[in-house]
Every structure is written in structure tokens, then in C-alpha cells.
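# Observations on chain architecture
For reference, the chains in residue letters:
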Amino acid sequence: MSRLEPRLLGIPVPRIGPESVPYWEGTRLGELRFQRCDACGAANFGPGLVCRKCRSRDLTWTRSAGRGEVFSWTVIWRPQTPAFEVPYAPAIVRLDEGYDLLTALVGLDHAEISDGLRVCVEFHEISPEITLPFFAPDPEHR
Amino acid sequence: MGADRNRGPHPYHEVAIAGIYNTRQARRLPGETMHSLLVEAVFGACADAGVDVGSIDALVGQGPAELTYDLGLGPVTRAFSNLGIPAIRDAAHLITTGEATTVVVTAAGVGMLLDDGATAPWTRPTNELVVAYGLFTAAEFALMARRHMITHGTTPEQLATVAATIRNNGHVHPGAVYSGRGPFTASDILASPMIADPFHLLDCSTTSEGGCAMVLTRADRAADLAQRPVHILGSASDSFGAAYSQAPSWDLRGSGDDVPAGYVGRRAAQTVWRQSGLGPDDVDVCEFYDPFSFEIIRQLEAFGFCGEGEGGQLVMDGAIGPGGRWPITTDGGTMSFSHAGISTQQIQRVIRGVEQLRGACSTMQVAGAEVALCSNGGSGALFNDLMLLGVERP
Ligand SMILES: [Zn+2]
């Protein structure tokens, strides 16, 4: 058994776009943030100017509790580039606030991943500007 | 044909596919350039159709501006640079509007895969929210396939059966890049190295080089040309946004709330059935895009060939194999025939559909095939393009 660890060195570093500045500010502070629609209440992610549910343009940045469950995942055995040491496990996590986030699972063996597994966010800095959210098994549900 | 439509002339009544051509396809084509392959393909498709290169009055697809000048054409219709089935549809629209009479669709790919140690660069997502997690095309499609396996119990054996079927079609095809590299059983697929779980190496498409072209013209003119004309009975495209950029979630939904991204292509298929007055039962052969084995199962469900969650059992029942109800991807597709860049292999789904309806396939000819459904794209790329071909003028 080998625990999945975050891949942090030599990987492509995100270039912050104009609409996602609050998101990356949040991760640097150890907060996961998303946009909540003032009109219909829908959680919106990724960052944008318009609610994808009701087309309202009144969105408010909100702090997520950073907890959710595994919606889908894959375990990679042939890396995108050598910077990504295998195995690693990209996943889509469904946050409790009601939005999906692409991330990678860490802190467990790849064989332990299952549908609906409860996970919580953990942050890892890869550059002065960018801190990435990863997700690990939620200790409250062990 | 089209009895259910009852809405005036068919949108593609005036259009016929008159010529097709594939250059040699290979893992590498040393000495060839994009332009040299495009030139060969244009001459080949025009010769197949029996039209003079000088009669081309529109070029659509890859490299049209360079071809226009170098072939001594002009004035021609100012070119589009579309890819795959949408490029063919652009060509058809130039004919339906009367703007052009002899339109050639072009595509080629060469010299793109310079780094054998990494995945194809255009398949790596660049979006800031995705880029740092090491995705590539197989991973994106795996996230979709996994969700279907969770929901419906779809198995790796079912995926492997798709891959073995398509690879065996390429194994017997003399023009396939991986000709003679089989035959494969589902067990062989499952024994190949895991790439992006649930996809083994042999569940995935290959990469190669080559080009192709297609001649479209007015149906009345096509009747007097060299080949039996093939007609467009319907065509439509679905998208959920930029391919290989956003996170591909099965449940991504937009304004068409009843169709999630996992069933991208369903709305397009419904449009095609409405345009044609036909349905899955009328289809003789399915030239589906095969970037990954699971995509065939998904498309069978999305397009209405079976219910949701029934695609895995359908492929195990032999429906997609030789002699089956809906033989799929009969030249070996991107898994075996060729996968040359970003458009060639997509146009080639339609080229193979035309070969089937001409009755001209040297291998895996579906006897008496009169209707072929061709597709491009897939769930991980968040788009699906469809084109329904027929031997009868609609
Ligand atoms: Zn809203």
C-alpha cells in the first residue's frame, strides 16, 4: 500500500485569470471559495460573471466548508508529463454546498477510493502566488 | 424517406458527397508536410469524384488559404477553418445557399508528436483550475466513464469488448496504421498496461499522421459524376463549452437541463432523427468516433440505440461486431486505422460511412448498407457532432 501524495514540483502553474482572483486569494489563506448567486442561491464554480443556473449577474464570493464527496475519479499510471509521478488520482469532488470541483485525491491508497467517499480539502503551496486545493479522506467520517 | 418531416424541402436536398480520399496513414510520414498531404488529398478526392481541381470554387477545413493560392484557384469563397463534421456541414451549406458548386473539405496532421515522453500537447487542459492536476485526454474521458460505471455497473470487460471489436476491424484493414496487429480478445485489452483507470492502453486511441479530403457538390451534378452519390440525411452538433479546458463532469448541465454533459450528443441525435424522419432502427452501420472504448457505449445510449445503462449489455450481445445489428467503426477508427491530428480522423468517420454506402469497403463491408450514422467528439471533450448518410436523395 502506498499513500497518494500531492504532486507539487515541476508541474504547470496556473495563470490567474481576471475572474478568479478571489478564488486564489482564498486558497493562499487556506479558504476554499465559490460564488453564490444572490438571485437564486445556486452555487457557481468555476469563477464567472453570470449565474449558470438563472443567468443573474449578481454573484457573491462565499467560503466553502471544504467538505464533500467523491463524484468521479481516475488513477493515472502513465503521466501527462514526467513531472507527475505515478500513481496520482485526479477526481471530481462534489462539495456539500452543491458544486463540482476538479482536484486530486491524496492521503489514501488508490485502492481505497470509492464513490461517495467523504473528503475534505487540504492546501499545498506550489508558488508564491498559487496554493492548490487537494482532497483527503475526511477524519470526521473515518 | 423523410415522410415524418412534412416541412418542405429537406435541408440537404441539393447536396451530395461525390468524392473521398485518404492519403497513406502511418505512425510517422517522414518528408511529408501538412501542405503536401493536403495537396495530395485534394487531387485524390477530385479524381475519385471525377471533377477537375480547377473547378473547385470553395475550400473548407485545414489550410484553405494556402491551397487556394498554390492550386491557382480564385476567386473562391473565403475559407472557413472548421474541423471534422462541422467542416463538412460548412461545405454543404455553401451548396445549399448556392454560393458554391464544387466544395472540397481538407484535413491533415503531421509532425505534431515530437515528444514521445509526453501526451499530445493539445490534449492537456490549460484552464487555471485544471492545469495543475495532470489531466490529459484519457483522464478526462476516464472521469466520465467512471461515473457511468458507478451509476450503471458498466464493466471493464464491456469496455474491452468495444476496443477488441474496433481494433479487429483495423487489424484486417490493409490501409490501417495498425493493420495486422491483431486479432485481439477482450482479455488482451485487459492485459495491456493501465493508463488512466478504467482505461488500459488498448482502450485508448492511437496517434499517427496522414490526410484526407472530400468533395461535395450539387446533387443533380453528382448524378453524372464518377461515383454513386451519397447524401446527407441529417447533421447536428452539441457542445457544453471549450473542449479540454473545463473539468469534464458527467452532471454538468446548462439550459438544456434534461441532458447532462455525460449524454452530450443526445440533442444533436434528436435533431438528426427529426431532419431525416429516421431512427436508430433504420441505421445499418455506425461509424462512431472512438477516442476511448467507453465512448461507444455512451454514444449508443446518447443517440437512442438503447436505454441509459443498457449500452454495456448491447455490446456484449454482439450488436457492434461483424454481422451484428449495428457494426461500429468498421475501418478500425482512431484505435487502429489512424488518428492524425485534430480533424483528419474526424472527417474519416464520414469517409468510411461513404465507403460503406457505396458498397466499396474491401473489409468489413456491411451488406446492403443504405444508412450510416457518423459521429465526432465525445463526453470528455464536451462535444459531439453527428452526420447521418444515406444512398437515397432526401
Ligand atoms: Zn442564479
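Notes on the structure in this doc start here. (Residues numbered from 1 in each chain as written. Chains lettered and ligands numbered in written order. Predicted model: local features only at pLDDT ≥ 70, side-chain atom pairs only at ≥ 80, totals over all residues. Heavy atoms only, no water.)

The next subject is the pattern of salt bridges. All names here are of chain A. Evaluated as defined, the whole model comprises 19 salt bridges over all chains. Among the salt bridges present, the one from D100 reaches R94, with a minimum N-O distance of 2.8 Å. A residue is classified by how much of its surface remains accessible, and D100, at 21% relative accessible area, is partly exposed. Its salt-bridge partner being R118, residue D96 comes within 2.8 Å of it at the nearest N-O pair. In this pair, D96 sits in the loop between β5 (90-95) and β6 (100-104) while R118 sits in strand β7 (residues 118-125), placing the two residues 22 residues apart along the sequence. A residue is classified by how much of its surface remains accessible, and D96, at 46% relative accessible area, is partly exposed. Where salt bridges share partners, they join E25, E31, R33 and R63 into one cluster. (Salt bridge = Lys/Arg side-chain N within 4 Å of Asp/Glu carboxyl O. Buried < 20%, exposed > 50% of the residue type's maximum accessible area, 1.4 Å probe, protein only. Helix = DSSP H or I, 4+ residues; strand = E, 2+ residues; numbered from the N terminus.)

Facing the 31 residues of chain B at the interface are 40 residues of chain A. Summed over both partners, the interface of chain B with chain A comes to about 2,900 Å²; 62% of that surface belongs to carbon and sulfur atoms. Counting the surface chain B buries against chain A, the share from its top three residues, E128, L129 and Y133 of chain B, is 27%. Counting across the chain B and chain A interface gives two salt bridges. As a salt-bridge pair, R147 of chain B and D115 of chain A come within 3.1 Å of each other at their nearest N and O atoms. (Contact = heavy atoms within 4.5 Å. Buried area = accessible area lost by both parts, 1.4 Å probe.)

This paragraph deals with helix α8 (residues 266-276) of chain B. Residue and element names in this part refer to chain B. Taking burial as the measure, the eleven residues of α8 include eight buried ones, the bulk of the element. Where α8 is concerned, the buried positions are R266, A268, A269, T271, V272, W273, Q275 and S276. Check the buried side of α8 and you find it contacts β7 (231-239), α9 (293-302), β9 (371-378) and β10 (383-390). In the segment just after α8, G277 is the residue with positive phi, at about 70°.

To continue, consider the environment of V177 of chain B. For V177 of chain B, the position within the fold is in the loop between α5 (156-171) and α6 (186-191). What V177 of chain B contacts, discounting residues up to four positions off in sequence, is Q25, A26, R27, S208, S336, F337 and S338 of chain B.

Let us look at the nonpolar core. Counting 98 residues, the largest nonpolar core has L105 of chain A together with F305 of chain B as its most contacted members. A per-element tally of this core places helix α4 (residues 137-152) of chain B first, with seven residues. The residues contacting F305 of chain B, other than those within four sequence positions of it, are W273, P280, V283, C286, F288, L300, L314, W326 and L373 of chain B. (Core = buried A, V, L, I, M, F, W, Y, C linked by side-chain atoms within 4.5 Å.)

Let us now look at the packing of aromatic side chains. According to the stated counting rule, one finds 14 aromatic pairs over all chains in the structure shown. On the basis of an interplanar angle of 80° and a centroid distance of 5.0 Å, the ring pair of W250 of chain B and Y263 of chain B is categorised as edge-to-face. Pair noted here: W250 of chain B is in the loop between β7 and α8 and Y263 of chain B is in the loop between β7 and α8, with a separation of 13 residues, a long-range link. Each member of the pair W250 of chain B and Y263 of chain B is classed as buried. Residues W273 of chain B and F305 of chain B carry aromatic rings whose centres are separated by 6.2 Å and whose planes lie at 65° to one another, so their mutual orientation is edge-to-face. Placement of W273 of chain B in helix α8 and of F305 of chain B in the loop between α9 and α10 (311-316) is noted, with a sequence separation of 32 residues between them. Grouping residues by exposure puts W273 of chain B and F305 of chain B together as buried. Grouping aromatic residues by their ring pairs yields a cluster made of Y23, W24, F34, F45 and Y99 of chain A. Note that R266 of chain B overlies the ring of Y263 of chain B, its terminal NZ or CZ placed 4.3 Å from the centroid. (Phe/Tyr/Trp six-rings, centres within 6.5 Å; stacked < 30°, edge-to-face > 60°. Lys NZ or Arg CZ within 6 Å of the ring centre and 35° of its normal.)

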